[in-house]
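Spelled out from the first residue to the last, the chains are:
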Amino acid sequence: MEALLKKLTETFGPSGEEAAVRTLIEAEIKDSVDRIFTDNLGNLFALREGAGPAIMLSAHMDEIGVIITHIDEHGFMRLAPVGGMAPHLLIGQRLRFRDGRVATVYHEKLKSLRDLEWSKLYLDGGAAAAPPENPVAVGDLACFDQPFQRAGGRYLAKALDDRAGCALLIETARRLPRELPHTVCFVFSVQEEVGLRGATTAAYRLKPAYGLAVDVTRVGDTPKAPVMAVSLGQGPAIKIKDSSVICHPLVRRFMIDTAAELGIPYQLEVLERGGTDAGAIHLSREGVPSGVLSIPCRYIHTPSEMVDAGDMEHALTLLVKLCSKPWPAL
Amino acid sequence: MLLAELANLPGVSGGEKRVRQAIVEALAGCPVEMRTDNIGNLLVRKGPRRSPHVMLAAHMDEVGLMVVAIEKSGHLKFKPVGGIDSRVLAAKRVRVGAAAVPGVIGAKAVHLQKDDDRKKPYEIEDLFIDIGAAGKEEAEALVKIGDYATFDTAATPIGSGFWRGKAFDDRAGCAVLLQLLRDPELTGFSAVFTVQEEIGSRGAITASYALQPDRALIIETTAAADTPGTGEDFSSTVLGAGPALSVMDRSVIVDREMLTELIATAREAGLPFQFRRFTGGGTDAGAVALAGEGVKTAVVSTPCRYIHSPHSILKESDLQATAALVKAWLLRGER
C-alpha cells in the first residue's frame, strides 16, 4: 500500500488533467478486473463481474491546483484556483506542470498579508519571456510539487485527497475473492474538486444499485480545531452526512454491522461542510442508495495532507469485506 | 444585419418566444429539422447524424426585469432576471410586456436626495418603472404582474466596425449559429438555441439530455475589460483580437482535446484568437458537459464590453472571426 500510495500521490493530476493518474491506475488495476474503459469526461471504470446488481465504488483521481490565466512579457504568470485552494498556502511553494517543469509562487508588495488575494499572486517559472518563447500557455494547470513521506505511523503527501481512496480501491480489487455476490465497479472519477462532475456522468452510465464513495474527511483532533468527532488513528469513518449527501440508512447500517463483525475500529462522521462523489451518485437517474467510507485526514487541501497507516489498513479490510458480501435489499 | 435584428427582440429568460420565432423564420428554406421542447429550447438538426455527434449551442435569453407589483401611484416595482448591476438601471428606457409598453426606470431626482442618498448607489428596491400611468387602474390596463421588461435599445453601428446594443449576450452567439446553419458548406451537426441560460443554464440541461451529443461547442459572448483603469492581465478579453477560447470557468473545465483542436484550427486558418483570461462566470457548457454519460465540451466567445447592461459594445470583425473559427473547426472534423 505504501509504495502504491507514493506513486499515486506524486503523480500530476489537477481537476481536468487526470490523464497521468488514469494511466497509472489502469496499469495497477488491469490484472485484477474483468473489464476496463473510460468515458467522454475521462472517468476510468474497472469492473469485476458478479452474480448480483452492481455496486459503484468511487474515488476521485483529481487534486486541487491552479490554472494560468495570463503571462506577461517578463514571463510572470497570473493564476486562479482550481478547486478549494487557499492563496496563502501557495506563497513560496514549488508547483509543477504536466511536463514536469516547476515554478514558485510569490506575491506583489503588500501592506499587510491580510491584503493577500488571488490577484496579488504570480508564478515564476524562470522563463524571462512571453509565449511562444515561454513554454507555458494560458490554461496550463499546475499542482503542488511535494514528495510522499512517512512520518511516524503516518503518511504525509500532497493529493492524499483522494489518491488515498484510489489506492484503497486498487488494493481492494487485488484482494477480492473469485466469486462475487455483486458486480463491483471501481470508478476513478474526474473533477470531484470542482463539483462532483465526473461522478455525475459515471453514475448515469453505470446505473448502479448501490453507491459507495471512498474519500478523505476532516478531523477535529488538532490544537484548537473546530469540534468534530473524528480523529486520526481511530479507524476509518462511516459517513452519516455532509453537505452533498445524507447517507442511506441501510447502507450506513450495513457498513457499521460489517465493521463490527470484522472487529475493526470505526468512527461515525458528520461533516458540516464539504461533499464527495456520493452527493452526485445518490441523485443519479431514479436515485441510488449510497454511503461513504472516509479516511480521516489532517490538513486537507494543503501541500502536506496526513493520514494514518492503520486507518488505511482497516479501511482496506472493511472495503474487501463490503464487496464480498451480499448487500441488503431495500 | 442579423445581429441587430436578433438583439432588438425582447427575450428575457423564460420569455424567449419572439427570439425563437425569428430564428425559425430565418431558417425557412434551410435543409434542417427543427423542434421546440417543453421549456422552449429550439433543437435543430442539419444533415445526417455523424459520429462523433457534434452539438453547437447558443442561448436565446437575455438579462432583464420582471414586474412584481403595481403601486397605487401607477409605478411598477420590479426584480432583476439574471445578473444585473442595479447601478446601471436608473434613467434607462425600457419596454414592458408583450405590448412593449414604453417606460423609464425612475429614481428620486437629485434635488430631492439627502446628502447621504448621494453617497450610496441605487439598489433595486429604490427603483421603479414609470409607464406614464396616473394610478394603479391605468397601469393595470397596460401591464400585469409577471410581465417582463427589456432595455429599450436599438442596435446601432458606431465608430469604425463596432456595434452598440442590448442583449449581444448571447444574440451574437445566436447570429453565429444561424449563419452556420444557413451555410451550404456545412452539414452533419446539431444546433440548439437554449432558454434560461442567465438564470442557471436551465434550457441547456434538458436540450443536451435530449440530444446526447459526443462533443459540444458553446458559442457565447463574454465580458471584455479593455477599458481605462484595467491592466491587460486583468482584462479577461479585448475587442479586436478575435474569438476568446475559454480554458476554465466556474461551470466547466474545457476539454483539452477540443481546446487543442480549436487552437490548431485557428492557426491553420490564420484566424485571430485569444484566451479568456478569467476563470469566473459560467455558461451552458457546465450543464452540457454533465449531460447523460458526459460530453466533451468547449466554449468560444465573442468579446463584448458592458454586457448585462442596456448598451454593450462589440466589434463586428470579432463576430465574423468567431463564425469563421467554428466553421473551420466543423470542416476540420470532416477531414
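These lines cover the structure that appears in this document, whether it is placed above or below.

1. Digging into helix H2 (residues 17-26) of chain B
All names here are of chain B. Of all the positions in H2, only Val19, Arg20, Ala22 and Ile23 are classed as buried. With its buried residues spanning 160° around the axis, H2 presents them on a single face. Buried residues along H2 sit in contact with helix H1 (2-7), strand S1 (32-36), strand S2 (42-46), helix H5 (168-182) and strand S12 (189-194).

2. Some thoughts on the interface of chain A and chain B
The partner chain B presents 19 residues to the 23 residues of chain A that form the contact. Elements with a minimum of two residues in the side of chain A that touches chain B: strand S4 (65-71), strand S5 (77-82) and helix H4 (197-206) of chain A. Counting residues per element, the side of chain A that touches chain B draws most heavily on H4(A), at 5 residues. Of the residues that constitute the side of chain A that touches chain B, the class distribution is 7 nonpolar, 10 polar and 6 charged.

3. Quick notes on the sheet that holds strand S15 (residues 267-270) of chain A
In sheet architecture, strand pairing relies on hydrogen bonds along the backbone and comes in two forms, parallel and antiparallel. All names here are of chain A. The strand order across the open sheet formed by 8 strands is S1-S2-S12-S3-S13-S16-S14-S15, and the pairing between neighbours is mixed. Two strands lie at the open edges of the sheet, namely strand S1 (35-38) and S15, each paired on one side alone. For this sheet the average axis-to-axis angle between neighbouring strands, irrespective of direction, equals 25°. Pairing of strand S3 (residues 52-60) with strand S12 (residues 182-189) involves 7 bridges; the strand directions are parallel. Bridge assignment links Leu57 to a residue of S12, and that residue is Phe186. Against the sheet, helix H3 (residues 160-175) touches strand S2 (44-48), S3, S12, strand S13 (210-217) and strand S16 (290-296), its axis set at about 130° to S13. Contacts from helix H7 (residues 309-324) reach S3, S12, S13 and S16 within the one sheet, and its direction differs from that of S16 by about 160°.

4. A few points about the nonpolar core
All names here are of chain B. Leu177 and Val326 are the most contacted members of the largest nonpolar core, which has 173 residues in total. By residue number, the principal contributor to this core is H5, which donates 9 residues. In contact with Leu177, other than residues within four places in its own chain, are Leu56, Ala58, Ala191, Phe193 and Ile219. Of all hydrophobic cores here, the second largest spans 22 residues; its members include Val67, Val94, Ala133 and Ala139.

Reading the values: rules and limits
- Residues numbered from 1 in each chain as written.
- Chains lettered and ligands numbered in written order.
- Predicted model: local features only at pLDDT ≥ 70, side-chain atom pairs only at ≥ 80, totals over all residues.
- Buried ≥ 20, exposed ≤ 12 C-beta atoms within 10 Å, placed from the backbone.
- Helix = DSSP H or I, 4+ residues; strand = E, 2+ residues; numbered from the N terminus.
- Arc of directions from axis to C-beta.
- Contact = placed C-beta atoms within 7 Å.
- Nonpolar A, V, L, I, M, F, W, Y, C, P; charged D, E, K, R; others polar.
- Pairing = 2+ DSSP bridges.
- Axes fitted to C-alpha atoms, helices over the stretch in contact; angles between N-to-C directions.
- Core = buried A, V, L, I, M, F, W, Y, C linked by C-beta atoms within 7 Å.

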